[in-house]
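# Structural features, examined
Here's the letter readout for the chains.
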Amino acid sequence: MSAPEIWRNAKQRYNLTGYRCKKCGKTFFTKRIVCRKCKSKDLEEVLLPWEGAIETYTVVRSPIDGYETKVPYIIGLIKLKNGVRILSEIVDCEPTEIEKTKEVELVFRVLSKDKEKGLITYGFKFRPKT
Amino acid sequence: MMTKKLEVNILGWGAYIPIYRIKIDEICLEWGEDPSRWRKSLGLNEISVPALDEDSTTFAVEAARSAVKRAQISPNLITAIYVGTESKPYAVKPTATIVAAAINASARLSSADLEFACKAGTEAMRICIDHSLVNKTVSLAIGADSAQGKPRDALEYSAGAGAVAFIFSKGVPKHAESAAMVLHHFSYVTDTPDFWRCNGRKYPSHAERFTGAPAYFKHTINAAKGLMEEVGTRPSDYDHVVFHQPNGKFPLKAAKILGFDIKQLKYGFLADKIGNTYAANAMIGLASILDNANPGEKILMVSYGSGAGSDAFDMMTREGVQVKRELAPKVLDLISKKKYLTYGLYAKHKGKLIM
Ligand SMILES: [Zn+2]
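Notes on the structure follow. Just so you know, these numbers come straight off a predicted model, no measurement behind them.

### Observations concerning the overall build of chain B
Scanning chain B from terminus to terminus reveals twelve helices and 14 strands. Its C-alpha atoms give chain B a radius of gyration of 19 Å, within 12% of the compact-globule value 20 Å for 355 residues. Each principal axis of the C-alpha atoms in chain B carries an extent, and together these give about 55 × 45 × 35 Å. Considering only intrachain contacts with a sequence separation of at least 6, the fraction spanning at least 24 residues in chain B is 80%. Approximately 13600 Å² of chain B is accessible, and the part contributed by carbon and sulfur atoms is 53%. In chain B, which carries 44 positive and 36 negative side-chain charges, the distance between the mean positions of the two groups comes to 1 Å.

Here's what the structure looks like:
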C-alpha cells in the first residue's frame, strides 16, 4: 500500500469502523453508498463491536508477500457481536488450538511493513478472548 | 522542607504484556551456559517476548486502551500524550500520534516520544502530571518497550517486553473517579555512561560492572532520599514501594539500603516473571500495586534510566481504585497467560533471524 492509501483507511483499520443505515439500522463493514437492505442513501460511520465468534477459518501455509516469517498463520471469518462478518488474522493462537477457539477479541498489531521504505501499516487483528 | 502537594489524580491505568515467554534455561541451553548460575546471578526465571506482529507501538496502544477503559472518560478530554520508549519502530515518526488515533483522541493534542533509556516512561509521567496541573486537563503517559539484547550478551537474558499507561487529571471530570493521587515527584540525573546504543545500531552496549554502584544505586537511592526529604516521609510511611527492576537483585538491594521491608515490595516486584521491560518497568509495578492496594495507602515509585537518572513519585490510593481495577486486565493476569518459545522461535520473534 502507498502512504496515502494507508492513511486513508487508518480509521477503519485502527478502530474497526463500519457503516450503519440510519433508516433500517442494517450495519456493514465495507463502505456503501446505498443500503443493501432498504436502498436508503442515509448511512453513517459507526464503531463495530470489538468481540465476536469464529465461524470458519483456514491455516495459511503459502504466505502472501511480507508474511513469510509468519507461516503457518490463521485467517478467520468472524461474526461480530452485532452480526456483521469480517475476515481477520487470528493471532496468539497456534493452528493446533484454533479448532477449540470460538470467542475472539480485537487487538492492535502490525499488519505489514513496506519492504523498500519501511512504512508500517498498523491495524486490528483478533485473538482468543482472554 | 515541605513542598506544595501536586494533588494530580490518576484516573486510569492499563498494562500490556505479550503472551510469549522464554525461560532463562532455554537461552542457557542455546549458549551452553549453566542455567542455575544465570538464574541465580540475575534473579530471573523467564522474560516476556513480543509476538511476530508486535512492537513497542502496538504495546502502547493496548496499554492506552485499557487505561481509557479504567478512566471511564471520553478520549476527547485528553490534551496531552507522551510516550517513553527506547525501542521506537521508527527513528523519525512519533508513536504518540499513532496511539492518539488508535484511542480516538482529539487532534488538539500536545504529544511527543521521549527517550531516556528505562526512565523515559516516568519522564512521560512527569510531563503529563505537570501538563495536567498547569492546564487543568487530562493527559496520558505511556512507557513501552520491546527491548533488544545482543545474542549471548547478558542483556539477552533480561530484556523483556511490555507497556503501561496512566491517565492523569487535575480535578476529576464529570462521571469520572480518582484511583490515586500523585502528591510529589523528584528527579535526580547525572552524565553516566553505563549503558547506551549508538544511532543505527541494533543492539545496545553496557559497561559491565559499572552498571551497579555508580549508576543504578547512586541514582535510585538519591532520588528516593531526595523525595522523602522534600516530602518529609520515612520508608515506614509507605504501604507499597516499587523500584526499577533491571534484574531480580538490584531492587531488593536498593530496598535494603534505603530501609524498606521486603513486604513493601510485594505487588510491584515482577522482574523474575517478565524480565526488564525497560521504559515500562517500574510503572508496570505501580499498575500491579493499583490492581491490589486498598484506598488510602501510600506508594513510593522510583524509576531508573541509564545515562543516567531516576524519578521518584509519592502517591496515595483513593476510593476509585477498587472498582476500576475490574475494568481491564490486571498485571498478574497478563503475566499468568503465557506460551513458551524455543530459542529458535524466540530469535524469529525478536527479529534476530534475517530472511
Ligand atoms: Zn437500510
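### Side note on the interface of chain B and chain A
Accessible area lost upon the coming together of the parts serves often as the stated size of an interface. With 23 residues of chain B at the interface, the matching set in chain A holds 26 residues. Of all residues in chain B, Asp53, Arg65 and Tyr90 of chain B give up the largest surface area on contact with chain A, accounting jointly for 27% of the area buried on that side. For the pair chain B and chain A, the number of links is five salt bridges. Here lysine 125 of chain A ties to aspartate 53 of chain B by a salt bridge, and the two come within 2.7 Å at their closest N and O atoms. For the side of chain B that touches chain A, the secondary-structure elements that each account for two or more residues are helix H3 (56-71) and helix H4 (96-102) of chain B. No other element matches H3 of chain B, which puts five residues into the side of chain B that touches chain A. Its residues assigned to classes, the side of chain B that touches chain A comprises twelve nonpolar, three polar and eight charged.

### A short note on the pattern of salt bridges
A complete count under the given rule lists 29 salt bridges over all chains for this structure. With a closest N to O distance of 3.7 Å, lysine 11 of chain A and glutamate 45 of chain A form a salt bridge. Of the two residues, lysine 11 of chain A is situated in helix H2 (residues 10-15) and glutamate 45 of chain A in strand S3 (residues 43-47); the sequence distance between them amounts to 34 residues. Relative accessible area serves as the criterion here: at 40%, glutamate 45 of chain A is assigned to the partly exposed category. Measuring nitrogen to oxygen at the nearest pair gives 2.5 Å for the salt bridge that ties aspartate 113 of chain B to lysine 88 of chain B. Here aspartate 113 of chain B, found in strand S5 (residues 110-114), pairs with lysine 88 of chain B, found in the loop between strand S4 (78-84) and H4; they are 25 residues apart in sequence, far enough to count as distant. Using a relative accessible area of 18% as the deciding quantity, one classes aspartate 113 of chain B as buried.

### Comments concerning the sheet that holds strand S2 (residues 20-23) of chain B
Residues and elements named next belong to chain B. If you walk across this open sheet you meet the three strands as S3-S2-S14, and the pairing is mixed. Both edges of this open sheet fall to strand S3 (46-49) and strand S14 (339-340), since each of them pairs with a single strand only. As defined by bridge partners, S2 adjoins S14 across two bridges and the pair is classed as parallel. When the sheet's bridge partners are listed, arginine 21 is paired in S14 with tyrosine 340. Against the sheet, helix H1 (residues 24-31) makes contact with S2 and S3, and its axis sits at roughly 55 degrees relative to S2, the strand it touches most.

What counts and how
All residue numbers refer to positions counted from 1 along the written sequence of the respective chain. As they are written, the chains are lettered A onward and the ligands numbered 1 onward, keeping that order. Only residues with pLDDT of at least 70 are given local features in this predicted model, and only at 80 or more are side-chain atom pairs given and counted; all residues enter the totals for whole chains, interfaces and linings. With hydrogens and water set aside, each side-chain value is computed from the structure's full complement of heavy atoms. Secondary structure follows DSSP: runs of H or I at least 4 residues long count as helices, runs of E at least 2 residues long count as strands, and numbering of each begins at the N terminus. Based on C-alpha atoms, the radius of gyration is set beside the globule rule, defined as 2.2 Å times the residue count to the power 0.38. Residue contacts follow a heavy-atom distance rule, with two residues in contact if any of their heavy atoms lie within 4.5 Å. Shrake-Rupley sampling with a 1.4 Å probe provides the accessible areas, and residues are treated as covered by the protein chains on show and by no other component. Lys and Arg are tallied as positive, Asp and Glu as negative. Neither His nor the chain termini are counted. A charged residue contributes its charge at one atom only: NZ of Lys, CZ of Arg, CG of Asp or CD of Glu. What gets called buried area is simply the loss in accessible area from a 1.4 Å probe that two parts show on being joined, summed for both. Any Lys or Arg side-chain nitrogen located within 4 Å of an Asp or Glu carboxyl oxygen qualifies as a salt bridge. Any residue outside Ala, Val, Leu, Ile, Met, Phe, Trp, Tyr, Cys, Pro, Asp, Glu, Lys and Arg is labelled polar, Gly included; the first ten of those are nonpolar and the last four are charged. Relative accessibility thresholds used throughout: buried, under 20% of the residue-type maximum; exposed, over 50%; partly exposed, between the two (1.4 Å probe, protein chains only). Being paired, for any two strands, means DSSP has found at least two bridges between them. Every angle, taken between N-to-C directions, lies between 0 and 180 degrees, and every axis is a line fitted to C-alpha atoms, over only the stretch in contact when it is a helix.

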